[in-house]
Structure formats: C-alpha cells, structure tokens
Amino acid sequence: MSLQGKTLFITGASRGIGLAIAKRAAADGANIVIAAKTTDPNPKLPGTIYAAAEEVKAAGGQALALVVDIRDEDAVTAAVAKAVATFGSIDILVNNASAISLTDTTQTPMKRYDLMNQVNARGTYLCTQACLAELVKSAAAGRGAHVLNMSPPLSMKTQWFEHHTAYTMAKYGMSMCTLGHAGEFKKYGIAVNSLWPRTAIATAALQMIPGVDVDKCRTSEILSDAAYFILTSDPKTPGNSGNFYIDDTLLAAHGITDLQKYAVKPGTREFIPDFFVD
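Predicted model, so just to flag it, every value in this text is computed and none were measured. (Residues numbered from 1 in each chain as written. Predicted model: local features only at pLDDT ≥ 70, side-chain atom pairs only at ≥ 80, totals over all residues. Heavy atoms only, no water.)

A. Just the overall build of the protein, in detail. Scanning the protein from N- to C-terminus turns up eight helices and seven strands. Here the C-alpha radius of gyration of the protein, 17 Å, is about what a compact globule of 278 residues would show, namely 19 Å. Over its C-alpha atoms, taken along the principal directions, the protein stretches across nearly 45 × 45 × 40 Å. Taken over 278 residues, the protein has a buried fraction of 51%. Put simply, of all contacts in the protein between residues at least 6 apart along the chain, 74% involve residues at least 24 apart. (Helix = DSSP H or I, 4+ residues; strand = E, 2+ residues; numbered from the N terminus. Rg over C-alpha atoms; globule rule 2.2 N^0.38 Å. Buried < 20%, exposed > 50% of the residue type's maximum accessible area, 1.4 Å probe, protein only. Contact = heavy atoms within 4.5 Å.)

Pasting the structure below:
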C-alpha cells in the first residue's frame, strides 16, 4: 500500500520526528498538513512550518502549513476544516506534538504541569476528536484510515514515574488514547497505534536537555521508516490496531535489522536508552 494521494494531518511537524514522518510520506506523493506553532526561526529550536512545507514539497508531496496551537479547540477545528477544503479528506492523523519537562514534583510548577497535560494528553484527544468524522469517511471509502500516536507502551513500573511524574502522566495520557480509541474506532475500520523509540532520538528538543550525548542517539528517520510500515498497513486486518510498537522491533519484523544508517555517529554501538521501554 502506498500513501500517494492520501492526506496526513501531523501535529508538531515543523521539525524533528514529525517532519521526518511528513517527508517519508511525501516521497510517496502524499498531502501533508503541517499543524504546528513555529512561524519565525528560533536559533535554539530551528524549523518553521513554512520551511517544513518547502521540505515536504521537495520530497515529492503537497504541503499545507497551518499555525495551530493544539491546546486551542477552535484553532484545531479550523485547521481540520482548512485541510479538508484544501485536500478533500483527512486519511491519517499523526499525534506527534509533545511537551516535556523531566522534573520532579518540587521542580514542576503547575503552569508546566498544565502545559504538558494540555499538549500531550488533551491535545492528542482533541485532535483525534476533531479529525474523527473525516477519518470515518476515509475508512468507509477504503482509503486506509489510521491514527498514530507518538507515545510509549504503558508500563506501570515506579522507575518510569519517580523522577518525572507529571511528564509520565501526560505522556501516558497519549497512550491511553491509543488503548481506548483502538477499541472505540474498531467499528469504523480505523486503526489506532502508538510508536516509540528504543533509544534516544537526536531531536532539537532533546539537544536542549543538559548532559545529553547526541553521538549516542539515533536520527528521526528510524521512526519515520517505522511509521511508514504502520501507516501503509491495512487498518482492518486483525492485529493491526491497538499496538504499542517499538521502532527497532517493528523494523526487524519487516526484515530491517541493520540499523547503522540511523546512528548519529557512524559506528556507534552503545546508545542512550529511551524512557518507558522495559
């Protein structure tokens, strides 16, 4: 199955993992809705929705750059309407936008707690709700409707909570959407899955965290390649929904076991493990 002619609504697609997924889909000739906030270049956090749109077009796709704060229900609703008016449908939603603060309770003011929960859990739920009617239409037309949440498996071990309870709660909120919506949307033929990396990924956001050795990370392309296999699968096939995929395991299932091309530093063997992977 190809993504040619399909429309993907991707949150947080101005840089990093979201942009990598957008460009991989664009290589098939997909339409990409870049729903993100950044309109002006920031030296600390490079990438804008307009620059991302140009990269998507260069990769072979069509692009619609929309300024969207996914905490704002009216903005999300308007963006969905604009996407449909431009491309005629929404076939795939990728909930990629995320906020992170790896802080303990004393170092997490409620403003930061609210931001993480509003972007991660609430934002994922809101975008899914806003796109649902179009995804139902896509599924009914046999266009392969998917929701992909960039969130981890739900491991209830203390180690994943004790150092950053607020972040874990917010991130697991996205994964709870996967669990619930996979069951809820089965009747429509819409697949809902999560995807998460085994190792740290060298995004601009990660590089802002003190002490991270980027040379021991992998690139965003390992996730975009893994996401491609999910998004081109038949959503109505049993077993293709409700999964919490790990990138390297999924790639191995598709015969890709040499992952050296994804290393930031060629030849690296020891990588920083990501959170939430038991």
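Further notes follow.
B. Expanded view of the pattern of salt bridges. According to the stated counting rule, one finds eight salt bridges in the structure shown. One salt bridge connects D91 with R143, and the closest N-O pair in it is separated by 2.7 Å. Of the two residues, D91 sits in the loop between helix 3 (73-87) and strand 4 (92-95) while R143 sits in the loop between helix 4 (110-140) and strand 5 (146-149), which places them 52 residues apart along the sequence. Under the relative-accessibility criterion, D91 is labelled buried at 0%. Owing to a relative accessible area of 29%, R143 belongs among the partly exposed residues under this scheme. Linking K157 and D278 is a salt bridge whose minimum nitrogen-to-oxygen distance equals 4.0 Å. (Salt bridge = Lys/Arg side-chain N within 4 Å of Asp/Glu carboxyl O.)

C. Representation of the layout of surface pockets. A volume near 1,500 Å³ is recorded for the largest pocket. Forming the walls of the largest pocket are 48 residues, and the residues nearest its centre are S98, A99, I100, T203 and A205. Elements with a minimum of two residues in the lining of the largest pocket: helix 1 (16-26), strand 2 (31-36), helix 4, helix 5 (165-184), strand 6 (191-196) and helix 6 (204-207). When residues of the lining of the largest pocket are assigned to their parent elements, the largest contribution, four residues, is made by helix 4. Counted by class, the lining of the largest pocket contains 31 nonpolar, 10 polar and seven charged residues. (1 Å grid on protein atoms, 1.4 Å probe; cavity = no way out; pocket = protein on both sides within 12 Å on 5 of 7 lines; lining within 4 Å. Points joined across faces, edges and corners; volume = space filled by probe spheres on them. Nonpolar A, V, L, I, M, F, W, Y, C, P; charged D, E, K, R; others polar.)

D. Broad picture of helix 7 (residues 221-231). In terms of residue burial, helix 7 counts as a mostly covered element, since nine of its 11 residues are buried. The set of residues buried in helix 7 consists of I222, L223, S224, D225, A226, A227, Y228, I230 and L231.

E. Highlighting the side chain of D274. Among the secondary structure elements, D274 is positioned in the segment after helix 8 (247-253). Of the buried charged residues, D274 lacks a salt bridge, with K171 as the closest side chain of opposite charge at 8.7 Å. Apart from the residues within four sequence positions on either side, D274 is in contact with W160, W196, P197, R198, T199 and A200. (Lys, Arg positive; Asp, Glu negative; His and termini not counted.)

F. Representation of the environment of R71 in the model. For R71, the position within the fold is in the loop between strand 3 (62-67) and helix 3. Residue R71 is classed as partly exposed on the basis of its relative accessible area, which comes to 30%. What R71 contacts, discounting residues up to four positions off in sequence, is K37, L115, Q118, V119 and R122. Polar contacts involving the side chain of R71 include one to the side chain of D69, which spans 2.9 Å. (Polar contact = N/O pair within 3.5 Å; in protein donor to acceptor, adjacent residues only side chain to side chain.)

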